[in-house]
Amino acid sequence: MSNQLMVGKRGLIMGLANDKSIAWGIAKACADAGAELAFSYQGDALKKRVGPLAAQLGSDIVLPCDVGDESSMDELFAVLKEKWGELDFVVHAIGFSDKGELRGRYVDTSRGNFAMTMDISVYSFTAIMQRAEKMMKPGSSALTLTYYGAEQVMPHYNVMGVAKAALEASVKYLAEDLGKDGIRVNAISAGPIKTLAASGIGDFRYIMKWNEYNSPLRRNVTTDDVGKSALYLLSDLGSGVTGENLHVDAGYHVVGMKAVDAPDI
Ligand SMILES: NC(=O)c1ccc[n+]([C@@H]2O[C@H](COP(=O)([O-])OP(=O)(O)OC[C@H]3O[C@@H](n4cnc5c(N)ncnc54)[C@H](O)[C@@H]3O)[C@@H](O)[C@H]2O)c1
Ligand SMILES: Cc1c(CN(C)C(=O)CCc2cnc3c(c2)CCC(=O)N3)oc2ccccc12
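Fair warning: this is a prediction, and the values are worked out from it, not measured in the lab.

About the criteria used
- Residues numbered from 1 in each chain as written.
- Chains lettered and ligands numbered in written order.
- Predicted model: local features only at pLDDT ≥ 70, side-chain atom pairs only at ≥ 80, totals over all residues.
- Heavy atoms only, no water.
- Near = heavy atom within 4 Å.
- Polar contact = N/O pair within 3.5 Å; in protein donor to acceptor, adjacent residues only side chain to side chain.
- Areas by Shrake-Rupley, 256 points an atom, 1.4 Å probe, with all protein chains shown as cover.
- Nonpolar A, V, L, I, M, F, W, Y, C, P; charged D, E, K, R; others polar.
- Pairing = 2+ DSSP bridges.
- Helix = DSSP H or I, 4+ residues; strand = E, 2+ residues; numbered from the N terminus.
- Axes fitted to C-alpha atoms, helices over the stretch in contact; angles between N-to-C directions.
- pLDDT = per-residue confidence, 0-100.
- Buried < 20%, exposed > 50% of the residue type's maximum accessible area, 1.4 Å probe, protein only.
- Parallel < 35°, antiparallel > 145°, perpendicular 65-115°, else oblique.
- Left-handed = near helix turned anticlockwise from the far one by under 90°.
- Contact = heavy atoms within 4.5 Å.
- Patch = residues over 30% accessible without salt bridge, like charges linked within 9 Å, V, L, I, M, F, W, Y side chains within 5 Å.
- Salt bridge = Lys/Arg side-chain N within 4 Å of Asp/Glu carboxyl O.

Chemist: How should the site of ligand 2 be read in this particular structure?
Modeler: Taken together, 14 residues sit near ligand 2, with Ser-97, Pro-155, His-156, Tyr-157 and Ala-197 positioned nearest. Within the contact set of ligand 2, an oxygen atom lies 2.7 Å away from a side-chain nitrogen or oxygen of Tyr-157. Taking 580 Å² as the accessible area of ligand 2 by itself, protein coverage stands at 88%. By residue class, the composition of the shell around ligand 2 is 10 nonpolar, 3 polar and 1 charged.

So, in structure tokens, the structure goes:
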């Protein structure tokens, strides 16, 4: 379903790993709406996957970036500055923690993993915006991805929940700082999706099943569901929206307690 919402707009997609990534759903939606895209990836291992995906969407700007490395981010934006000059939107679809601490108890979180998780999953969005704002004009926008585990305890999400809570707060402060220059900053809180970042998580299948059973739409969301909502927030359709956290979770977050579907009498 093509549209013209992003014609003439250039955007950077950060966090594409493969065609299951949330970043892929967002990239497809933006390309389908006419956007010109650049991609960043982490580590050589991903380059051979990300390159062909980018080419599928007509992009040949595929650049390395480790958001834990300041010079890596400087280099990424220097290349984009030289190639494009200006940037209309940026998508930050990056989060990471030691998976050994995404099981068991939050109270057992190590200082080292806490710091690393906050650096990669939270501070990196602020660091990216420091560089992106220099290339952005009024009407530009930024989007990051969060999860309901920031708001309510979700078993074993642990330090990632604390990180996402910080990320959601940072979206509001970034929105205030950058709103003066007409730059909007928002988050999408996506329901659980089977991506690389979800693999290796114990009982993820159970989490997906639970969400399917307990969400108002009685289904899990897809990267395409997230892509369509991202297109709204990144395009002029979202011109009056900033500092927002849009739940794309089949409505799961609104349910406190559900009636047990009454058996047929
Ligand atoms: N999958 C879900 O259930 C779900 C739900 C809500 C929110 N999210 C969030 O969505 C975002 C995208 O995750 P995904 O589920 O698409 O998984 P994914 O594994 O496809 O994407 C995560 C990306 O983060 C990148 N990354 C990790 N450390 C990095 C670093 N130091 N520098 C640069 N990139 C780095 C990885 O390379 C990968 O491309 C994450 O922020 C995640 O927390 C995921
Ligand atoms: C949902 C859900 C997710 C998906 N999600 C919302 C996420 O934000 C992914 C978080 C994540 C961050 N770092 C890593 C991993 C996942 C696994 C692989 C790895 O090495 N590190 O992760 C969970 C972990 C525990 C419980 C639920 C979930």
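Chemist: Please explain the sheet that holds strand 7 (residues 245–248) as it appears in this structure.
Modeler: Pairing between sheet strands relies on hydrogen bonds along the backbone, with the strands arranged either parallel or antiparallel. Reading across the sheet, the 7 strands line up as 3-2-1-4-5-6-7 and stay open at both edges, with parallel pairing between neighbours. Both outer strands of the open sheet, strand 3 (62–64) and strand 7, are each paired with one neighbouring strand and no more. Averaged over all pairs of adjacent strands, the angle between their axes in this sheet comes to 20°, without regard to strand direction. Across 3 bridges, strand 2 (residues 36–41) lies against strand 3 in parallel orientation. Of the residues in strand 3, the one forming a bridge with Phe-39 is Val-62.

Chemist: Which parts of the structure should I look at to understand the confidence of the model for the protein chain?
Modeler: As a note on interpretation, predicted positions should not be read in detail where pLDDT is low. Residues with a pLDDT of 70 or more make up 98% of the protein chain, whose mean pLDDT is 96. What the predictor reports for the complex is a pTM of 0.98 with an ipTM of 0.99.

Chemist: Help me out: how do you make sense of unusual backbone geometry in this one?
Modeler: Phi is mostly negative for residues that are not glycine, and the peptide bonds are mostly trans. Even without glycine at this site, His-156 takes up a positive phi of about 75°. Looking at the element boundaries, His-156 is found in the loop between strand 5 (141–146) and helix 5 (158–179). Phi is positive for Arg-218, which is not a glycine, with a value near 55°. Residue placement: Arg-218 occurs in the loop between helix 6 (204–214) and helix 7 (223–234). Judged by relative accessible area, which is 39%, Arg-218 ranks as partly exposed.

Chemist: When you look at the packing of helix 1 (residues 22–32) against helix 7 in this model, what are you seeing that I'm missing?
Modeler: The packing of two helices is summarised by the inter-axis angle and the distance between the axes. For the pair helix 1 and helix 7, the least separation of the axes is 7 Å and the interaxial angle reads 55°. In terms of orientation, helix 1 and helix 7 fall into the oblique class. Taken as a pair, helix 1 and helix 7 cross one another with a handedness that is right-handed. Contacts from Ile-22, Gly-25, Ile-26, Lys-28, Ala-29 and Cys-30 in helix 1 reach Thr-223, Asp-224, Val-226, Gly-227, Lys-228, Ala-230, Leu-231 and Leu-234 in helix 7. The residue makeup of the contact of helix 1 with helix 7, split by class, is 8 nonpolar, 3 polar and 3 charged.

Chemist: I keep staring at the side chain of Thr-109 and nothing clicks. Help me out?
Modeler: Relative to the elements of secondary structure, Thr-109 occurs in the loop between strand 4 (89–92) and helix 4 (111–132). One polar contact links the side chain of Thr-109 to the main-chain carbonyl oxygen of Tyr-106, over a distance of 2.6 Å.

Chemist: Would you mind going over a nonpolar patch on the surface with me for this structure?
Modeler: Together, Tyr-106, Phe-114 and Val-162 line one region of the surface with nonpolar side chains, adding up to about 220 Å² of accessible area. Mapped onto the fold, Val-162 is located in helix 5.

Chemist: Quick question: what am I supposed to make of the environment of Ile-22 here?
Modeler: Within the element layout of this structure, Ile-22 appears in helix 1. Taking the C-alpha atoms as reference points, Ile-22 and Leu-145, separated by 123 residues in sequence, lie 8.7 Å from one another. The residues contacting Ile-22, other than those within four sequence positions of it, are Leu-145, Ala-190, Ile-193, Thr-195, Thr-223 and Val-226.

Chemist: Before we go on, may I ask you to explain the pattern of salt bridges in this structure?
Modeler: Considering all chains together, one arrives at 11 salt bridges under this definition. The residue Asp-224 makes a salt bridge to Lys-28 at a minimum N-O spacing of 3.2 Å. You can see Asp-224 sitting in helix 7 and its partner Lys-28 sitting in helix 1, a full 196 residues away along the chain. Relative accessible area serves as the criterion here: at 38%, Asp-224 is assigned to the partly exposed category. For Lys-28, a relative accessible area of 29% puts it in the partly exposed group.

Chemist: Looking at this model, I keep getting lost on the site of ligand 1. Mind explaining?
Modeler: For ligand 1, the set of nearby residues contains 27 residues, the closest of which are Gly-15, Ser-21, Lys-164, Ile-193 and Thr-195. Between ligand 1 and Ser-21, the relevant distance is 2.6 Å, taken from an oxygen atom to a side-chain nitrogen or oxygen of the residue. At 3.1 Å from an oxygen atom of ligand 1 is found a main-chain nitrogen or oxygen belonging to Ile-94. Relative to its unbound accessible surface of 810 Å², ligand 1 loses 92% to contact with the protein.

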